Amino acid sequence: KALISLFKMMEGSKKFSEKCNGYKGVAPKKVGIVGAGVMGSQIAVLCAKNGLKVYIRDIKQDFVDKGLKLVSDTFNKKVSKNRMTQSAADAKISLVEGGTSVDGFGDCDIIIEAAVELMNLKKKIFLELEKVTRPDCILATNTSSLSITELASVLSTPERCVGVHFFNPVGRMPLVEVIRCPATAPDAVATGYRFALALGKIPVICNDCPGFVVNRILGIYMGEATKLAIEGCALPTVDSALLKFGMPMGPFRLMDEVGLDVAAHVAPVLEKGLGKRYASDPRYLKLIEDNKQYLGRKTGAGFYTYSSKGKQQGLNQKLVSKLKNLIKGSAGTISSKAMADRCVLVMLNEACKILEEKMVDSPEDLDLAMVMGTGFAPFTGGLLSYADWKGIDKCVKRMKFLEKKCGERFKPHPMLVHMADNAKRFFPSRPDPKKLHKISARECPRSKL
């Protein structure tokens with residue numbers, strides 16, 4: 001039932017007119033990209049794959065050449081594996097041009113800024129883009145956490161500014177967050193949405209807030225996992241507990257994938273914008289700062305070590321031994337279920353805050369973002385669907401227990417308490433999990449195939 005609901009949400013995301021309230025926007029034909037790094041180059045590959053012209057710009061020609069090489073290598077690799085003919089690959093590669101000049105942006109329909117996460121730098125880039133682009137060109141940022149509202153404030157035409165947040169790796173992660181701020185024109189949102197659909201992605205519209213939807217919830221999830229580690233829980237044990245729950249990878253393996261430096265950079269942004277519940281242990285942040293050779297899979301080692309091909313190997317004892325110096329005491333006997341509950345229920349509380357603040361249009365949008373952006377146990381249908389399935393009353397009861405044991409961050413959100421008291425669910429139109437008839441494997445029709 002949950003998977004059927006998830007499928008319907010995915011199909012619903014394709015209903016462009018309904019999602020964009022009738023606004024049509026523009027179907028981009030040429031895309032500009034600022035920043036020829038990993039993200040910028042991957043976005044360029046995706047655009048070329050879907051037949052869009054691309055101009056990619058960086059401050060040095062060496063950076064541009066490196067980005068263009070990534071594009072050509074990606075398509076040529078498909079040729080070597082007989083997934084594409086050489087002529088088809090050459091045609092895709094020819095769609096992508098690059099340079100250090102801004103002149104190539106003059107005829108673009110949308111610009112994707114994919115520079116490093118520094119607000120002052122992004123403001124400078126956007127001011128320059130505003131001068132050299134057409135008045136109807138949409139100025140989009142791929143920022144993962146910085147304020148779209150603040151970025152738009154420096155423009156004389158802030159209505160052109162929108163967030164179009166891709167997830168790494170761009171080619172594999174299906175979600176794109178389309179972020180609007182108060183100044184963003186509905187047509188700019190519609191253009192961002194159409195652009196994501198044209199690339200074969202699943203877009204979710206959300207309002208501007210620190211971390212948006214996915215990184216806001218992931219931030220508190222990773223923070224809780226870190227607390228478990230500092231309490232003395234072994235990293236592989238925590239990862240194993242969340243894998244058993246249904247996540248595609250454990251939180252520490254995920255941090256390695258994201259990059260420990262990126263996670264450490266986003267944490268203060270979330271704390272500043274959302275409060276102390278996002279506060280990180282300063283000793284932990286210093287540990288990451290002092291060990292820049294261990295930033296995750298991209299450097300060959302983070303919490304785990306990786307082969308030259310990026311395959312996970314063993315635990316990185318050099319970093320883990322330093323992490324053990326932060327441990328306050330013995331973890332005692334924290335069960336796998338307790339570890340999973342702590343990480344998942346703290347996410348549920350944050351999801352309720354997002355709904356209360358109307359950061360997304362519906363619970364369906366939040367669940368779709370979580371499954372497509374984090375891989376949250378798809379068989380549950382999403383975070384809120386999982387709460388319905390488990391029982392809101394049981395979630396509240398468990399959170400009250402954890403509040404007494406672990407602190408105020410587990411105090412159940414008033415929305416959850418109200419729903420538990422009134423037997424409400426996030427998705428009342430779906431079948432009530434408590435009333436579903438459970439059958440044995442022998443009774444299941446599939447067993448007769």
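First, a word on what this report is: a plain description of the structure on this page. (Residues numbered from 1 in each chain as written. Predicted model: local features only at pLDDT ≥ 70, side-chain atom pairs only at ≥ 80, totals over all residues. Heavy atoms only, no water.)

For the protein, the helix and strand inventory stands at 19 helices and 10 strands. The C-alpha radius of gyration computed for the protein amounts to 23 Å, which stays within 12% of the reference 22 Å derived for 449 residues, consistent with globular compactness. Per-residue burial for the protein yields a buried fraction of 50% across its 449 residues. Residue pairs in contact within the protein that sit at least 24 positions apart in sequence constitute 71% of those at least 6 positions apart. (Helix = DSSP H or I, 4+ residues; strand = E, 2+ residues; numbered from the N terminus. Rg over C-alpha atoms; globule rule 2.2 N^0.38 Å. Buried < 20%, exposed > 50% of the residue type's maximum accessible area, 1.4 Å probe, protein only. Contact = heavy atoms within 4.5 Å.)

Before going further, it helps to examine the nonpolar core. Within the largest apolar cluster, 103 residues are counted, with the highest numbers of intra-cluster contacts made by F303, L366, F376 and F426. For F426, the contacting residues outside a window of four places in its chain are L348, C352, L355, P363, L384, A387, D388, I392, M415, L416 and M419. In terms of nonpolar packing, the next biggest core, distinct from the first, is built from 39 residues, M39, A89, I110 and A188 among them. (Core = buried A, V, L, I, M, F, W, Y, C linked by side-chain atoms within 4.5 Å.)

For the structure shown, the criterion picks out 25 salt bridges. Each of R216, R277, E350 and E357 takes part in salt bridges that share partners, so that together they form one network. (Salt bridge = Lys/Arg side-chain N within 4 Å of Asp/Glu carboxyl O.)

Once that is clear, we can look at the sheet that holds strand β2 (residues 53-57). The strand order across the open sheet formed by 8 strands is β3-β2-β1-β4-β5-β6-β7-β8, and the pairing between neighbours is mixed. Bordering the open sheet on either side are β3 (96-99) and β8 (202-207), each of which pairs with just one other strand. Neighbour to neighbour, the strand axes of the sheet diverge by 25° on average, direction disregarded. Bridge count for strand β1 (residues 30-34) against β2 is 5 bridges, and the pairing is parallel. Of the residues in β2, the one forming a bridge with K30 is K53. Sheet strands in contact with helix α4 (residues 61-80) are β2 and β3, and its direction is about 165° off that of β3. (Pairing = 2+ DSSP bridges. Axes fitted to C-alpha atoms, helices over the stretch in contact; angles between N-to-C directions.)

Two numbers describe how helix α15 (residues 336-356) lies on helix α17 (residues 383-390): the axes approach to 10 Å, and their chain directions differ by 115°. Pair α15 / α17 crosses with left-handed handedness. Facing α15, whose interface residues are K337, V344, M347, L348, A351 and L355, α17 presents L383, L384, Y386, A387 and K390. The residue inventory of the contact of α15 with α17, partitioned by class, reads 9 nonpolar, no polar and 2 charged. (Left-handed = near helix turned anticlockwise from the far one by under 90°. Nonpolar A, V, L, I, M, F, W, Y, C, P; charged D, E, K, R; others polar.)

What follows covers the packing of α17 against helix α18 (residues 392-406). A pair of packed helices is characterised by two quantities: the angle between their axes and the separation of those axes. As a packed pair, α17 and α18 sit with axes 5 Å apart at the nearest point and diverge in direction by 95°. By the criterion of interaxial angle, the relationship of α17 to α18 is roughly perpendicular. Across the interface between the two elements, A387, D388 and K390 of α17 pack against I392, K394 and C395 of α18. Grouping the amino acids of the contact of α17 with α18 by side-chain chemistry returns 3 nonpolar, no polar and 3 charged. (Parallel < 35°, antiparallel > 145°, perpendicular 65-115°, else oblique.)

Time to look at a positive patch on the surface. Residues K77, K81, R83 and R172 make up a contiguous surface patch of positive charge. Note that R172 resides in the loop between β6 (161-166) and β7 (175-180). (Patch = residues over 30% accessible without salt bridge, like charges linked within 9 Å, V, L, I, M, F, W, Y side chains within 5 Å. Areas by Shrake-Rupley, 256 points an atom, 1.4 Å probe, with all protein chains shown as cover. Lys, Arg positive; Asp, Glu negative; His and termini not counted. Charge placed at Lys NZ, Arg CZ, Asp CG, Glu CD.)

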